[in-house]
Amino acid sequence: MAGAESGDRISELPLSLRECILERIPVKEAVRTSILSRKWRYCWNGMTRLVFDEAFDDSMGHLSDAEFAGIIGRALSHHRGCIHTFVLHIPYEAEVDNLNLHAWFLILLRSGIQELAMDCNSDDGDRFTLPPHFFSCLRLTRISFEGAVLSPPPSFSGFPHLVTLDLKGALMCSEVLENLISKSPQLEKIRLSHARSSNQQAFVLSAPKLVTLELQESSPGYVILKNVPRLTSVSMMSLDCMALEFSKSYCPLRLMGSLSGVRELAFDFQYLETFSGSCPKSLPAKLANLTNLCLEWIDVWKLEELRFLFCFIRSSPSLQTLAIRVYADVEDLKNEALRYLQGEVGDQSILSDVVTVRMEGCVGFDHELLLLKIILGRCPNLDTLHVELNSHVEDFGARRVSGALMQFRRLSSKVKVAHSRASL
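Quick caveat: nothing in here was measured; it's all calculated off a predicted structure.

The rules we used
- Residues numbered from 1 in each chain as written.
- Predicted model: local features only at pLDDT ≥ 70, side-chain atom pairs only at ≥ 80, totals over all residues.
- Heavy atoms only, no water.
- Salt bridge = Lys/Arg side-chain N within 4 Å of Asp/Glu carboxyl O.
- Buried < 20%, exposed > 50% of the residue type's maximum accessible area, 1.4 Å probe, protein only.
- Helix = DSSP H or I, 4+ residues; strand = E, 2+ residues; numbered from the N terminus.
- Arc of directions from axis to C-beta.
- Contact = heavy atoms within 4.5 Å.
- Phe/Tyr/Trp six-rings, centres within 6.5 Å; stacked < 30°, edge-to-face > 60°.
- Expected span 1.5 Å × (residues − 1).

Asks: Any chance you could explain the pattern of salt bridges here in plain terms?
Replies: Should their charged atoms come close, side chains of opposite charge can pair. If you walk through the whole model with that rule in mind, you get 15 salt bridges. Between Arg 358 and Glu 360 there is a salt bridge, and its shortest N-O distance comes to 2.8 Å. Looking at Arg 358, the relative accessible area reads 29%, which means it is partly exposed. Note that Arg 400 and Asp 366 form a salt bridge whose closest N and O atoms lie 2.4 Å from each other. Here Arg 400 is found in helix α12 (residues 395-407), whereas its partner Asp 366 is found in helix α11 (residues 366-378), with 34 residues between them in sequence.

Given below as structure tokens:
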């Protein structure tokens, strides 16, 4: 009896609350509630959030192309009211024809779509072409596409409310992305992964309200920053080595010149493989506001990469947190890198604001130990130094790192030094 009363109380809730409940469970389960009672029969049709993600795909098992398209089409055509969020994962093996895409986007346009995420990450690299209706969804605040082809009509005037743009594996000419960004005046975050320019021209990004820029598995040579006065966080990680040929003549210092206001910077040193010029002692324009610096995949046996490392550090007078991931690839046969580090040990310049340093990937090479010695000897306000050893480091290497950390002179009297081994 108590259970029945409890069920009745839920059914008596206002429709808006019942829809809110349904939006917090998988869409498949939400549809099933239509058999509970007359009050629940059409409740799911008013959900403002429809999510057909990978979890939904897994729960449905193998579907034919027609079955998959039919499920999505019926869910959209039977829906009433607004759809604020729509998430769609197109399975690897599925093929969705343009007619279905056109029909779905037309419904989304009429439903006032605000957040849209679609991905088609098929093994054969197939992409879906966005229909013209998409470019008329002017209420959009967030766009996330994987495997999309963007080709807006000439009448496209931008997305006036767009705040976040996330494109992975998208194919477009440089002018399309530039217009998309420049005509979206509220844009604050851009994430480009596997970005491809169909006309082999660099993307010139002009976004006066842009705060965060992330480049993943892409070449920074494809991006030129212009008019980004509010940019405070930049990440260039897991760069695409296949795209690096495009950047052979592109100097990483050119991009750094646009980052004077950045507070957080993450940089993948694999990109330096494309740069054949010499590194200056410091950047022409200081990274005056930079407080958090993360440098990945520094080959401690390569002289030029060490020069870039110290160039970054010298150019960051306000640096507070430094994270470094090191490795060793080609042996320093001429000891050029080692001699360079020995020279840096004698440098008396002080990193007065640095309070936290983390170094990952250590195995106990002399180059790594000298780098740690330099850090301990230049940071008078250092609070924490944590060294994470490579998971495959031998016991001899671990003891070598531990012994060196105990012996090195510490400019900070309060620093806590710790080391651990990375898990396999």
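Text resumes after the structure shown.
Asks: I'm lost on helix α10 (residues 336-345) in this one. Help?
Replies: Residues lying three or four places apart along an α-helix face the same way, a consequence of the helix completing one turn every 3.6 residues. Taken together, the buried positions of α10 are occupied by Ala 337, Leu 338, Tyr 340, Leu 341 and Glu 344. Viewed end-on, α10 has its buried residues packed into an arc of 160 degrees, placing them on one side of the element. Those residues of α10 that are buried are in contact with α9 (303-314) and α11.

Asks: Whenever I open this one, the packing of aromatic side chains confuses me. Can you help?
Replies: Within the structure shown, the criterion is met by 13 aromatic pairs. Judged by centre distance (5.2 Å) and plane angle (70 degrees), the ring pair of Phe 134 and Phe 145 falls under edge-to-face. Here Phe 134 is found in the loop between β4 (128-129) and β5 (142-146), whereas its partner Phe 145 is found in strand β5, with 11 residues between them in sequence. Here the aromatic rings of Phe 267 and Phe 269 are separated by 5.7 Å at their centres, their planes lie at 80 degrees, and the arrangement is edge-to-face. Exposure class is identical for Phe 267 and Phe 269. Each is buried.

Asks: For this particular structure, what's the right way to read α12?
Replies: The first and last C-alpha atoms of α12 sit 18 Å apart over 13 residues, in line with the 18 Å expected at 1.5 Å per residue. If you check which residues of α12 are buried, you get Gly 397, Ala 398, Val 401, Ala 404 and Leu 405. Projected down its long axis, α12 carries its buried residues within an arc of 135 degrees, all on one side. Exposed side chains of α12 directed beyond 90 degrees from the buried face belong to Asp 395, Phe 396, Arg 399, Met 406 and Gln 407. The elements touched by buried residues of α12 are α11, β19 (384-389) and β20 (416-421).

Function cannot be inferred from these measures alone, as they are strictly geometric.
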